[in-house]
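# Understanding the architecture of this molecule
Letter by letter, the chains look like this.
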Amino acid sequence: MTERQERLLLGGLGVVLAFGGCEAVSRAGIVSRTYLPPASDVLGRAVELAGDGVFLDGVGATLRAWGLGLALATAVAVPLGLLLGSVPVVDAAVRAIVEFLRPLPSVALIPLVSLLLGSGTGTEVALITYACVWPILFNTVHGLGETDPLAKDTLRAFGFGRLSVLLRVELPGTAPFIAAGIRISAAVALILAVATELLAGFGEGLGIFIAQAGLATDGTRDVLAGVVWAGALGLVINGALVWGERRLFPWTPGHRTAGGAA
């Protein structure tokens, strides 16, 4: 059995144990079904929602905000990271501002941004963009620092300019780090999209569905079914991005090991 197969087997075993534990606790009456419905009921409801057009439209709205915010964050963070990593003077000039803004939690900004932009896609996209910039930005700067100096010196020795070195050596060498930053930000973006919708409480989106279900009588099953959907979306997105990294950057140590094990 390969290491990858072993991880998948252990992960599946963990899911089965968690499912069985929740089912047993609820069926035995240890916890009231009002607070913890049987896992089979929750899973059945999650499957049922796959045929609900209104629900799927809400999921689509959440994914649109997620994709747009992540794309904007990438468009901002990658050029800025290349600039900060390539020009030490600029990095030193803006370092204090970056270190001041970076620790601010995006969730804490939801009331302020909602007040300025209203409750809607604009607020979601703005918050997602702000939160996702940082992992991509710092991964880009770190990746530039890890670029092979010999390759850069070789190009300079042959008369290549600063831009050519950046495009031919530094950007390709930094690309795996950028991809890792995007993968991290993708999870952050989904969490923030759902959280923003939860706090808004009206409109459309997966978070809106969860918030409204929480206000309904005996809505716990729908709440947990929505959470199952959020978790499933996160797994699919992360799996797709990991697959993409393995195909685009097979030479990196982690992916080379995984590819060899497979």
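Residues numbered from 1 in each chain as written. Predicted model: local features only at pLDDT ≥ 70, side-chain atom pairs only at ≥ 80, totals over all residues. Heavy atoms only, no water.

## Focus: the layout of surface pockets
In this approach the atoms are scanned with a rolling probe the size of a water molecule, which exposes any empty space left behind. Taken as a whole, the largest pocket spans an internal volume of roughly 340 Å³. Forming the boundary of the largest pocket are Val-15, Ala-18, Phe-19, Cys-22, Leu-36, Pro-37, Ala-39, Val-42, Leu-43, Leu-224, Val-227 and Val-228. At the level of secondary structure, the elements contributing two or more residues to the lining of the largest pocket comprise α1 (3-27), α2 (39-49) and α10 (220-248). Grouping the amino acids of the lining of the largest pocket by side-chain chemistry returns twelve nonpolar, no polar and no charged. (1 Å grid on protein atoms, 1.4 Å probe; cavity = no way out; pocket = protein on both sides within 12 Å on 5 of 7 lines; lining within 4 Å. Points joined across faces, edges and corners; volume = space filled by probe spheres on them. Helix = DSSP H or I, 4+ residues; strand = E, 2+ residues; numbered from the N terminus. Nonpolar A, V, L, I, M, F, W, Y, C, P; charged D, E, K, R; others polar.)

## Some remarks on the pattern of salt bridges
Inspection of every chain in the model, using the stated rule, returns nine salt bridges. A salt bridge links Arg-27 to Asp-41; the nearest nitrogen and oxygen atoms lie 3.9 Å apart. One end of the pair, Arg-27, is in helix α1; the other, Asp-41, is in helix α2, with 14 residues separating them in the sequence. Residue class for Arg-27 comes out partly exposed when judged on its relative accessible area of 43%. You can call Asp-41 partly exposed: its relative accessible area is 32%. The shortest N-O distance in the salt bridge between Arg-45 and Asp-222 comes to 2.6 Å. Note that Arg-45 is positioned in helix α2 and Asp-222 in helix α10, a separation of 177 residues in sequence. (Salt bridge = Lys/Arg side-chain N within 4 Å of Asp/Glu carboxyl O. Buried < 20%, exposed > 50% of the residue type's maximum accessible area, 1.4 Å probe, protein only.)

## As for the nonpolar core
The biggest cluster of nonpolar side chains holds 44 residues, and the ones touching the most others in it are Phe-55, Trp-66, Ile-128, Leu-206 and Trp-229. Elements that contribute at least two residues to this core include exactly α2, α3 (53-86), α5 (110-117), α6 (121-145), α8 (162-200), α9 (206-215) and α10. With eleven residues, the single largest contributor to this core is α6. Filtering out sequence-adjacent residues up to four positions away, Trp-66 remains in contact with Ile-128, Ala-186, Ala-189, Leu-190 and Ile-237. (Core = buried A, V, L, I, M, F, W, Y, C linked by side-chain atoms within 4.5 Å. Contact = heavy atoms within 4.5 Å.)

## Focus on the environment of Thr-34
Relative to the helices and strands, Thr-34 is located in the loop between α1 and α2. For Thr-34, a relative accessible area of 40% corresponds to the partly exposed category. Taking C-alpha positions, Thr-34 is 67 Å from Gly-161, a pair spaced 127 residues apart along the chain. Ignoring anything within four residues of it in the chain, the contact list for Thr-34 reads Asp-218 and Thr-220.

## A few points about the packing of α3 against helix α4 (residues 88-101)
Two elements in contact, α3 and α4, have axes whose closest approach is 5 Å; the angle formed by their N-to-C orientations is 110°. Our classification of the angle between α3 and α4 gives roughly perpendicular. The residues of α4 that touch α3, namely those facing Leu-83, Leu-84 and Ser-86, are Pro-88, Val-90, Asp-91 and Val-94. (Axes fitted to C-alpha atoms, helices over the stretch in contact; angles between N-to-C directions. Parallel < 35°, antiparallel > 145°, perpendicular 65-115°, else oblique.)

## Some details on the confidence of the model for the protein chain
Of the residues in the protein chain, 94% have a pLDDT of 70 or more, and the chain-wide mean is 85. Considering each helix and strand of the protein chain separately, the mean pLDDT is smallest for helix α11 (residues 253-261), with a value of 50, and largest for α3, with 93. For the stretch residues 257-262, pLDDT sits under 50, and the model shows three contacts to residues farther than four places along the chain or on other chains. (pLDDT = per-residue confidence, 0-100.)

## Comments concerning the packing of aromatic side chains
Ring pairs (aromatic) are described by centroid distance and by the angle formed between their planes. Tallied over the full model, the rule gives four aromatic pairs. When the centroid spacing of 5.1 Å and the interplanar angle of 75° are considered together, the rings of Phe-55 and Trp-229 count as edge-to-face. Here Phe-55 is found in helix α3, whereas its partner Trp-229 is found in helix α10, with 174 residues between them in sequence. The class for Phe-55 is buried, based on a relative accessible area of 5%. Ring centres of Tyr-130 and Trp-134 lie 5.8 Å apart, and the angle between their planes is 85°; on these two criteria the pair is classed as edge-to-face. Within this pair, Tyr-130 and its partner Trp-134 are both found in helix α6, separated by four residues, close to a single helical turn. Both residues of the pair, Tyr-130 and Trp-134, count as buried. In this structure an aromatic cluster arises from ring pairing among Phe-55, Phe-209 and Trp-229. Taking NZ or CZ as reference, Arg-102 lies 5.0 Å from the ring centre of Phe-138, over its face. (Phe/Tyr/Trp six-rings, centres within 6.5 Å; stacked < 30°, edge-to-face > 60°. Lys NZ or Arg CZ within 6 Å of the ring centre and 35° of its normal.)

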